[in-house]
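Coordinate inspection notes
Chain residues, written in single-letter form:
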Amino acid sequence: MALNRKIAYIDLTTGDIQTKAIPLAVRKKFLGGRGLDAYLLYNHTKKGCDPLGPDNALMISGGILTATCASATSRTHIMAKSPLTGMLGSANMGGFFAPELAWAGFHHLVIKGKAKNPSYIYIHNGEIEIRDARGIWGQSVTDAQWSIRQEMGDEEIKSCVCGPAGENLVRFANVMTGVKNAAGRTGMGCVMGSKNLKAVSARGTMDIEIAHPVEALEYNKGFISQITSAKVNQTQGTLGTPFIWGATNSWGGVRTRNFQYNQCEYSDDIEPERIDEICEETMGPYHMTGCFGCQVHCRAQYKIPEGPLAGKYDEGPEYTSLGAFGAETDTPRALTVLTGNHLVDQFGMDNLETGSLISWAMELYELGIITDKQTDGLDLSWGNDEAVLEMVERIAYRKGFLGDALADGGIPASKKIGKKSFDYLIQVKGMSNLHSDERATPALALNVATASRGSDHLRSRPAIDLYHLPEEVLRKIYSNPVAYDGPLSSEHTEYIGKPWQVFWQENLYMGVDCLGICKYHTVFLGVTLPTFEEWSKVLYFNTGIEMTPEEIWEVARRCNMIERLFNLREGLQRNDLEKGDMLNHRYFDEPCRRGALDVIGISIDKKKFVKMVDELYRHQGLDKNGVPKPETLESLGLENEPSHLV
Amino acid sequence: MAKVLYVDHEKCTGCRLCELVCAVSHDGISNPARSRIRVLKWEAEGIYIPMTCQQCQDAPCLNVCPVKAISRDEELGRVSVDYNTCIGCRSCVSVCPFGAMNFNATDRRVLKCDVCDGDPQCVRFCDVKAVDFIEAGEVAIRKSRKAAKRVSDAGKQAADLQALI
């Protein structure tokens with residue numbers, strides 16, 4: 001059954017491998033996936049450890065429901081101390097790896113040390129082996145995966161790999177599985193590279209008994225209907241995530257030219273319908289694909305239609321690639337986006353960070369802060385498609401001054417470049433912001449500023465705040481599973497009630513990450529999707545664990561608090577521009593210059609923003625400095641951390 | 001006339017939910033190795049093809065079985081294994097031209113699609129209808145319509161070109 005899946009502790013320096021069961025008490029405290037990873041990270045690393053050193057621990061996991069009869073339990077979670085931020089490193093991806101790992105007998109891997117030579121870990125039905133990867137070192141993300149299959153003579157092997165960017169220690173290199181599934185953020189692929197670890201491969205045929213199979217199957221049927229009946233998921237299933245980009249851009253919420261504008265003009269060539277057209281032309285009418293067990297099928301397939309890479313197959317481009325290689329750099333051309341997307345997928349590098357840093361460099365180039373000397377003659381003018389694609393490659397292989405500097409991440413690069421470059425860097429805690437512009441949405445700005453892994457939209461974003469839902473609908477959503485009788489506002493430009501929404505979403509997303517289910521299957525973009533109540537039933541039918549919605553909420557709070565403890569241990573300070581819960585001054589000082597009437601001319605009110613952070617801390621049980629109060633830790637059972645239960 | 005499983009591989013999104021629900025509904029266990037339907041993939045090209053038993057009229061598995069454990073069930077339109085008679089020699093696995101007769105190493109017995117006694121769960125859960133359960137005679141007409149559509153599209157395209165010239 002799901003609960004007998006184990007943890008494996010793998011030391012790449014010594015080759016020592018230990019496996020342990022996960023006690024039920026630990027399950028009830030942290031469930032699995034991201035939550036248990038956070039506990040393991042806090043317990044298995046020491047304060048101030050070098051993110052690229054052998055003491056950093058790399059966690060790879062599935063959720064407690066992975067590969068059970070619950071919809072879309074495809075998610076693989078990766079965690080370590082981040083080489084990009086020096087704080088929490090954490091990233092999540094779809095695909096088919098985590099279920100295969102579960103069928104191979106494991107839910108969690110804790111990888112420490114550094115292999116002497118390039119290596120990969122092969123896991124097969126309870127057995128773990130460290131194998132030589134010298135033959136595949138240097139290979140692209142996909143080639144490496146196909147090579148392992150060929151070497152082992154098994155086409156069903158699923159692998160998590162780092163690409164050339166990870167090998168070259170690009171601080172925002174990602175971990176990938178399949179053609180395009182990426183645990184994109186915080187540089188987890190860089191940690192793999194630093195450990196000489198090219199891949200972790202799994203193949204399993206071990207039974208996972210379902211606690212109540214008949215009920216689980218029937219409940220899943222209804223659960224899936226609830227998910228696929230949401231209009232937002234139906235649209236995702238035809239246009240993919242680009243549809244969000246189209247809607248956001250037409251309204252005025254897409255960063256353009258780094259942070260100069262909030263809307264990309266002349267974007268016809270990268271609108272969702274145009275991208276869909278290219279997918280259809282190159283892959284036929286049925287070009288949508290899905291992760292394990294998912295009926296939303298939000299990933300498009302395409303082939304690059306022309307140019308030097310014409311005919312290359314890839315998946316996406318997602319929302320983020322449209323922003324990173326279309327809007328931010330002001331190159332709204334499909335060919336640039338599709339090619340840029342393919343390059344980062346092959347190099348194994350976070351598209352978001354890559355595009356964001358390139359657009360930052362372009363703004364510095366415009367301002368004269370960097371010149372042709374630093375760019376080695378490359379013309380980094382806005383809208384230069386070739387320069388954008390050239391920079392992607394220079395970063396992955398650390399070519400030239402600028403490629404090498406950007407590969408170290410924004411803050412270290414700003415120190416190398418000097419002058420006022422840091423002022424233009426759109427980041428929180430050392431990680432670049434998504435291309436979405438949050439100046440007209442205080443709730444989303446608060447989310448970006450306080451997210452545990454640095455600037456991020458997938459940790460606590462109340463995206464439904466943009467829908468102007470009636471207050472009674474908001475109240476119904478946000479008063480479950482714990483009561484909330486404070487204010488709520490349907491107005492997205494308001495500051496009232498937003499901290500509670502951010503707090504609630506933070507716990508919701510942690511919950512879904514512990515279970516191993518995709519965020520599109522909960523209240524992220526759709527209002528009617530499953531939350532704590534449904535999860536309580538899914539958890540019971542599949543694992544037999546009886547937990548109330550309130551208890552799952554408590555688990556989520558506990559796991560979020562562990563992430564907070566980790567960040568505080570590694571130097572988080574509330575107002576620190578490099579390591580704090582603070583936004584770049586441009587959010588406060590530069591009003592939006594484009595967009596709809598409710599967007600144009602707007603910026604974040606700093607006083608009100610500070611008050612929102614205060615209020616969020618109160619909900620979280622933190623003091624004014626963002627440090628947990630002793631009674632909070634006690635109520636969550638975290639007063640003795642690290643407690644080394646596993 | 002009994003219905004048959006019809007796979008339209010172009011529609012398959014590759015999610016493998018069919019494998020999951022097949023194993024869970026038959027054995028109460030999640031494990032693709034227990035599934036009677038398998039999605040074969042060419043991931044580098046984005047091609048996914050679900051494969052399952054064709055319930056052949058002249059079934060090699062039935063013909064080869066040395067103890068006559070395999071028989072045709074005309075009412076449900078399926079070829080079924082009688083586990084009381086089966087000796088587990090796996091001859092049927094060897095001869096199946098589709099690899100649809102599977103062998104489960106844990107239970108040490110063969111397994112194949114039984115169309116869930118007329119309510120196939122893979123079909124019930126596949127929203128995109130890459131697997132469907134239809135009259136055998138209906139399969140050809142569906143395929144004909146699809147092929148005719150291609151001819152029709154080509155015709156229209158040619159007409160457009162004519163207009164351009």
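Residues numbered from 1 in each chain as written. Chains lettered and ligands numbered in written order. Predicted model: local features only at pLDDT ≥ 70, side-chain atom pairs only at ≥ 80, totals over all residues.

Digging into the overall build of chain A
Tallying secondary structure elements over chain A gives 24 helices and 18 strands in all. Relative to the globule expectation of 26 Å for 646 residues, the C-alpha radius of gyration of chain A, 23 Å, shows essentially globular dimensions. Principal-axis analysis of the C-alpha atoms gives chain A an extent of 60 × 60 × 50 Å. The buried share of chain A, reckoned over its 646 residues, is 63%. Put simply, 70% of the contacts in chain A that link residues at least 6 apart link residues at least 24 apart. (Helix = DSSP H or I, 4+ residues; strand = E, 2+ residues; numbered from the N terminus. Rg over C-alpha atoms; globule rule 2.2 N^0.38 Å. Buried ≥ 20, exposed ≤ 12 C-beta atoms within 10 Å, placed from the backbone. Contact = placed C-beta atoms within 7 Å.)

Details of the interface of chain A and chain B
Contacts between the two partners involve 33 residues from chain A and, on the opposite side, 23 residues from chain B. When contributions to the side of chain A that touches chain B are tallied by element, the ones reaching two or more residues are α4 (141–152), β13 (208–209), α7 (213–228) and β14 (288–289) of chain A. Top contributing element to the side of chain A that touches chain B by residue count: α7(A), with five residues. Class assignment for the residues of the side of chain A that touches chain B results in 18 nonpolar, 12 polar and three charged. Bridge count between β13(A) and strand β2 (residues 29–30) of chain B: two bridges; the pairing is antiparallel. By the bridge assignment for β2(B), A:Ile208 is matched with B:Ser30. (Nonpolar A, V, L, I, M, F, W, Y, C, P; charged D, E, K, R; others polar. Pairing = 2+ DSSP bridges.)

Let's talk about the sheet that holds strand β9 (residues 158–162) of chain A
Strand pairing within a sheet occurs via backbone hydrogen bonds; the two strands may be parallel or antiparallel. Residue and element names in this part refer to chain A. Read across the open sheet, the six strands follow the order β8-β7-β12-β9-β10-β11; overall the sheet is mixed. In the strand order of this sheet, the two ends are held by β8 (127–132) and β11 (181–183), each with one partner. Strand-to-strand twist of the sheet, defined as the mean angle between neighbouring strand axes without regard to direction, takes the value 20 degrees. For β9 and strand β12 (residues 197–203), the ladder comprises four bridges, and the chain directions are antiparallel. Directly across from Val161, in β12, lies its bridge partner Ala199. In the packing of α4 onto the sheet, contacts are made with β7 (119–124), β9, β10 (175–177) and β12, and the angle to β9 comes to roughly 140 degrees. (Axes fitted to C-alpha atoms, helices over the stretch in contact; angles between N-to-C directions.)

Some remarks on the packing of helix α9 (residues 242–251) of chain A against helix α11 (residues 319–327) of chain A
All names here are of chain A. Across the interface, α9 lies against α11 with an axial gap of 7 Å and an inter-helix angle of 55 degrees. Relative to α11, the element α9 is oriented oblique. For the pair formed by α9 and α11, the contact residues are Pro242, Ile244, Trp245 and Asn249 on the first element and Tyr319, Leu322, Gly323 and Ala327 on the second. Classifying every residue of the contact of α9 with α11 gives six nonpolar, two polar and no charged. (Parallel < 35°, antiparallel > 145°, perpendicular 65-115°, else oblique.)

Section: the sheet that holds strand β15 (residues 299–303) of chain A
All names here are of chain A. Taken together, three strands build an open sheet; the order of strands is β14-β15-β16 and the sheet is antiparallel. The open sheet has two edge strands with one neighbour each: β14 and β16 (313–315). Relative to β16, β15 runs antiparallel, the two sharing three bridges. Each bridged residue has a counterpart across the sheet, and for Gln301 the counterpart in β16 is Glu315.

Some details on α7(A)
The end-to-end C-alpha distance of α7(A), which contains 16 residues, comes to 22 Å, matching closely the 22 Å that a straight helix rising 1.5 Å per residue would cover. Looking only at α7(A), the buried set comprises A:Pro213, A:Ala216, A:Leu217, A:Tyr219, A:Asn220, A:Phe223, A:Ile224 and A:Ile227. Against α8 (231–239) and α20 (532–543) of chain A together with α1 (17–27) of chain B lie the buried residues of α7(A). (Expected span 1.5 Å × (residues − 1).)

Some words on unusual backbone geometry
Note that the residue after A:Gly316, namely A:Pro317, is joined by a cis bond; omega there is -10 degrees. With respect to the helices and strands, A:Pro317 occurs in the loop between β16 and α11. Following A:Asn480, the chain continues into A:Pro481 via a peptide bond in cis, with omega recorded as 0 degrees. Mapping A:Pro481 onto the fold places it in the loop between α18 (471–478) and α19 (498–515). At A:Tyr266, a position not held by glycine, the phi torsion is positive, near 50 degrees. Positionally, A:Tyr266 belongs in the loop between α9 and α10 (272–283). Its 10 C-beta neighbours within 10 Å are what place A:Tyr266 among the exposed residues. Of note in the backbone geometry, B:Val115 takes a positive phi value of approximately 45 degrees without being a glycine. Here B:Val115 is to be found in the loop between β8 (109–111) and α4 (121–125). Its 24 C-beta neighbours within 10 Å are what place B:Val115 among the buried residues.

Focus on the domain arrangement of chain A
How large an interface is tends to be reported as the accessible area lost when its parts come together. Residues and elements named next belong to chain A. Split by domain assignment, chain A resolves into domain 1 (2–203), domain 2 (242–432) and domain 3 (442–635). For domain 1 versus domain 2, the distance between C-alpha centres works out to 26 Å. Each partner contributes to the interface: domain 1 provides 34 residues, whereas domain 2 provides 26 residues. Of all the elements in the fold, those that place two or more residues in the side of domain 1 that touches domain 2 are α4, β9 and α5 (164–167). (Domains from an automatic or database assignment.)

Some words on α10(A)
Residues and elements named next belong to chain A. Here α10 is 12 residues long and its end C-alpha atoms lie 16 Å apart, about the 16 Å a rise of 1.5 Å per residue gives. Within the sequence span of α10, burial applies to Pro272, Ile275, Ile278, Cys279 and Met283. Each buried residue of α10 lies within a common arc of 125 degrees when the element is viewed along its axis, so the set occupies one face. Residues of α10 that are exposed and point over 90 degrees away from its buried face: Glu273, Glu277 and Glu281. (Arc of directions from axis to C-beta.)

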